[in-house]
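Structural features, examined
Here's the letter readout for the chains.
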Amino acid sequence: TEAYFSVAEMNRDVMFAWGTYAWANLQSKTGKSNVYMYYFDQDSEQTIFRSPRGGANHVAEMPFVYGYTFSPKPFTPLEKHMSDIISKYWINFTKTGNPNSAGLPYWTEYQQGQPTVMIMKNGLHLDNVQNQKQMETLEQFFNAQRQK
């Protein structure tokens, strides 16, 4: 079981997390637009696939973005609150390139090494990259590959 979850976490980091992390760092340093990074880890009956270990799988945030549940049960009050905020963030970002607006928790532009990642788990709060050690390991690996 532990080997299965270790492979799943490695796949998550290699296939999804590192590319986003690398792009966010480059964009925030050299790009013309601001970067807003998030880490969604809300365990919910509303997602399409639930992790047997808790937390969230790929695209688990979509019910929260669109306010659509995949369960006959409604959102819990906390999930409904999160969904209301997350969907407003997405709408604002789509319209303006900035998720912020009056009445929402302020989402700071991403800055590497700073608590500027919006953590979406049991509410919303800013913190550092959640899997920083793994990102640094992958960054070293891919840097070495580029040097060859």
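See above for the structure.
Residues numbered from 1 in each chain as written. Predicted model: local features only at pLDDT ≥ 70, side-chain atom pairs only at ≥ 80, totals over all residues. Heavy atoms only, no water.

Let us look at the overall build of the protein chain. On a plain count of helices and strands, the protein chain comes out with four helices and three strands. Put simply, the protein chain runs from its N terminus to its C terminus through helices and strands in the order α-β-α-α-β-β-α. Its C-alpha radius of gyration of 16 Å places the protein chain within 12% of the 15 Å reference for a compact globule of 148 residues. Projected onto the principal axes, the alpha-carbon positions of the protein chain cover approximately 50 × 45 × 20 Å. Residues counted as buried form 34% of the 148 residues belonging to the protein chain. The long-range share in the protein chain, meaning contacts at least 24 apart out of those at least 6 apart in sequence, stands at 49%. Looking at charge distribution, the protein chain has the averaged site of its 13 positive side-chain charges lying 5 Å from that of its 13 negative ones. (Helix = DSSP H or I, 4+ residues; strand = E, 2+ residues; numbered from the N terminus. Rg over C-alpha atoms; globule rule 2.2 N^0.38 Å. Buried < 20%, exposed > 50% of the residue type's maximum accessible area, 1.4 Å probe, protein only. Contact = heavy atoms within 4.5 Å. Lys, Arg positive; Asp, Glu negative; His and termini not counted. Charge placed at Lys NZ, Arg CZ, Asp CG, Glu CD.)

Next up on the list: the nonpolar core. One finds I86, Y89, M120 and L124 to be the most contacted residues of the largest nonpolar core, which totals 15 residues. Looking at this core, the elements that each hand over two or more residues are α2 (62–66), α3 (77–96) and β2 (117–120). The element that contributes the greatest number of residues to this core is α3, accounting for four residues. When sequence neighbours within four positions are dropped, the list of residues in contact with M120 reads Y38, Y39, F40, D41, Q42, M82, I86, Y89, W90 and W107. In this structure, Y21, A22, A24 and I119 belong to the second largest nonpolar core, which totals 13 residues. (Core = buried A, V, L, I, M, F, W, Y, C linked by side-chain atoms within 4.5 Å.)

Take the pairing of strand β3 (residues 124–127) next. Here four bridges tie β2 to β3, and the two strands are oriented antiparallel to one another. Among the inter-strand pairings, M118 is bridged to a residue of β3, identified as L126. Between β2 and β3, which follow one another and run antiparallel, lie three residues, and N122 among them has a positive phi close to 55°. (Pairing = 2+ DSSP bridges.)

With that settled, consider the sheet that holds β3. Strand pairs in the sheet, formed through backbone hydrogen bonds, run parallel or antiparallel to each other. Across the sheet, three strands lie side by side as β1-β2-β3; this open sheet has mixed pairing. The two strands at the open ends of the sheet, each matched to only one other strand, are β1 (38–40) and β3. Between one strand axis and the next, the sheet turns by 25° as a mean value, whatever way the strands run. Contacts from α3 reach β1, β2 and β3, with the element oriented near 145° to β2. (Axes fitted to C-alpha atoms, helices over the stretch in contact; angles between N-to-C directions.)

Time to look at the pairing of β2. Here β2 shows no split at all, with V117 and I119 on one side and M118 and M120 on the other all buried. Where β1 lies against β2, three bridges are found, and the strand directions are parallel. For Y39, the partnering residue across the bridge sits in β2 and is I119.

The next thing to look at is helix α1 (residues 2–30). Residues spaced three or four apart along an α-helix face the same direction, because each turn holds 3.6 residues. Between its first and last C-alpha, α1 extends 40 Å over 29 residues, near the 42 Å set by a 1.5 Å rise per residue. In α1, a bend of some 45° at A17 exceeds every other bend along the element. Of all the positions in α1, only F5, D13, A17, W18, Y21, A22, A24, N25 and Q27 are classed as buried. On its buried side, α1 packs onto α4 (132–147). (Expected span 1.5 Å × (residues − 1). Bend = angle between axes of the 7 residues up to and from the residue.)

Turning our attention to the pattern of salt bridges. Opposite charge on two side chains allows them to pair when their charged atoms are near. All told, the structure shown has five salt bridges when counted by the stated rule. Close ionic contact of R12 with D13 constitutes a salt bridge, the shortest N to O distance being 2.9 Å. The exposure class assigned to R12 is partly exposed, which follows from its relative accessible area of 30%. Taking the relative accessible area as the measure of exposure, D13 reaches 5% and is therefore buried. (Salt bridge = Lys/Arg side-chain N within 4 Å of Asp/Glu carboxyl O.)

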